[in-house]
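The lines below spell out each chain.
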Amino acid sequence: MQILNTKQELLQQVEACKRQGKTIGLVPTMGALHQGHASLVKRAVVENDVCFVSVFVNPTQFNNKEDLAKYPRNIERDAKLLESIGAHFVFAPTPEEMYTAEEMNTTFQYDFEGLDKVMEGKMRPGHFNGVVQVVSRLFYLVQPTRAYFGEKDFQQLAIIHQMVERSKLKDTFGDLTIVDCPIVRQADGLALSSRNERLTEAENKLATNIYRILKESVESAKKGYSVQAIEKQVTDAINAIDGLEVEYYEIVDQSTLMPAKDFTHAIGCVTVYCGPVRLIDNIKY
Ligand code: PAF
């Protein structure tokens, strides 16, 4: 496995792969890798001739400087894990390598046709502009055949699908396929996240209630409860646990992310503060 720190090194490798007619799998990450990321990388290794993983804590998608500063970073540990599961190249640039000073400071404005105005987008203004800025740059540099993303960040995935569909019209990313990968959970149900590293053991245990309550809500939905009743049930049940606080729980249509009228093609997305740590999860109905 080779670690590449500059765009030039990356382009050299990408061009060599393209010349040899190899398919390329890309797994974009912000590092602090866990078994959720590993599942994406393993799949990319199996499904493509070559697997590139980017490890880059993208400053333009953080609207909270403290959150950016506290984001866990450990490239040595990440590289060991990636090597052990067969990744071929790790692209780990500095912010200065990725962006000009102007790009770093100008808030890029994409039109997501409303997908960015709800849930995460409402709570973290500008977040998805930063995500699309970095992901589109990575697609442009790596020219992947397939790119792998986890369903835990469901809204991010919906926005990336929209970006790629639109860019296909303009032929920017060729025949790129976005591969949706299921959430990986601890044995007790907590969705794996780099942010879990910041939870104490007690907080981690507390946070396992989130998925338990989401699963219970699926049973209530089967019994005929309304969307609004389930939103209230989940919010109240999580808030009743000392140490957990719901920021939002919304049941939305999986494609439009607009409030669901019933449970057909619906997904419930939740953000919960567990102590100071902001966790997200979701469940399909
Ligand atoms: O999901 C993430 O880790 C990030 O948002 C991504 C897609 C790597 C872009 O920085």
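Placed above this text is the structure.
Right, let's walk through the structure included here.

Each value, and the rule that gives it
Residues numbered from 1 in each chain as written. Predicted model: local features only at pLDDT ≥ 70, side-chain atom pairs only at ≥ 80, totals over all residues. Heavy atoms only, no water. Helix = DSSP H or I, 4+ residues; strand = E, 2+ residues; numbered from the N terminus. Rg over C-alpha atoms; globule rule 2.2 N^0.38 Å. Buried < 20%, exposed > 50% of the residue type's maximum accessible area, 1.4 Å probe, protein only. Contact = heavy atoms within 4.5 Å. Areas by Shrake-Rupley, 256 points an atom, 1.4 Å probe, with all protein chains shown as cover. Near = heavy atom within 4 Å. Polar contact = N/O pair within 3.5 Å; in protein donor to acceptor, adjacent residues only side chain to side chain. 1 Å grid on protein atoms, 1.4 Å probe; cavity = no way out; pocket = protein on both sides within 12 Å on 5 of 7 lines; lining within 4 Å. Sits in = over half its atoms within 2 Å of the grid points. Pairing = 2+ DSSP bridges. Axes fitted to C-alpha atoms, helices over the stretch in contact; angles between N-to-C directions. Core = buried A, V, L, I, M, F, W, Y, C linked by side-chain atoms within 4.5 Å. Points joined across faces, edges and corners; volume = space filled by probe spheres on them. Nonpolar A, V, L, I, M, F, W, Y, C, P; charged D, E, K, R; others polar.

### Section: the overall build of the protein
If you tally the helices and strands in the protein, you get 11 helices and 9 strands. Taking 285 residues into account, the globule formula puts the C-alpha radius of gyration at 19 Å, and the protein, at 19 Å, falls close to it. For the protein, the proportion of its 285 residues judged to be buried stands at 53%. For the protein, the proportion of contacts with a sequence separation of at least 24, taken over those separated by at least 6, is 71%. Carbon together with sulfur atoms contributes 51% to the accessible area of the protein, which is approximately 13800 Å² in total.

### Examining the site of the ligand
Every residue lining the ligand is accounted for by Pro28, Thr29, Met30, Asn58, Gln61, Val134, Val135, Phe149, Asp153 and Gln156. Gln156 has a polar side-chain atom sitting 2.7 Å from an oxygen atom of the ligand. At a threshold of 2 Å from the grid points, most atoms of the ligand map onto the largest cavity. When contributions to the shell around the ligand are tallied by element, the ones reaching two or more residues are strand 2 (24-29) and helix 8 (127-142).

### Some details on the side chain of Arg195
Residue placement: Arg195 occurs in the loop between strand 6 (177-181) and helix 10 (201-222). Engagement of the side chain of Arg195 in a polar contact is seen with the side chain of Asp67, the distance being 3.2 Å.

### Observations concerning the sheet that holds strand 1 (residues 2-4)
Within the open sheet, the 6 strands sit side by side as 1-4-3-2-5-6. Their pairing is parallel. Lying at the two open borders of the sheet, with one neighbouring strand each, are strand 1 and strand 6. Mean inter-strand twist for the sheet, computed between neighbouring axes without regard to direction, equals 25 degrees. Contacts from helix 4 (residues 75-84) reach strand 1, strand 3 (50-55) and strand 4 (89-91) within the one sheet, and its direction differs from that of strand 3 by about 165 degrees. Contacts from helix 9 (residues 154-170) reach strand 5 (146-150) and strand 6, with the element oriented near 165 degrees to strand 6.

### Here's the deal with the nonpolar core
Phe52, Phe139 and Ile178 are the most contacted members of the largest nonpolar core, which totals 43 residues. Broken down by element, this core gets its largest block of residues, 9 residues, from helix 8. Ranked by size, the runner-up nonpolar core spans 27 residues in total, among them Leu214, Ala266, Val270 and Val272.

### Observations concerning empty space enclosed by the protein
Tallied over the full model, the rule gives 2 cavities of 30 Å³ or more. Roughly 870 Å³ of internal volume is contained in the largest cavity. Residue lining of the largest cavity: 48 residues in total, with Met30, His37, Lys152, Asp153 and Gln156 positioned closest to the centre. For the lining of the largest cavity, the secondary structure elements donating two or more residues are strand 2, helix 2 (35-47), helix 7 (119-123), helix 8, strand 5, helix 9, strand 8 (266-274) and strand 9 (277-284). A per-element tally of the lining of the largest cavity places helix 8 first, with 6 residues. Across the lining of the largest cavity, the residue classes break down as 25 nonpolar, 15 polar and 8 charged. Put simply, the second largest cavity is a space of about 70 Å³.

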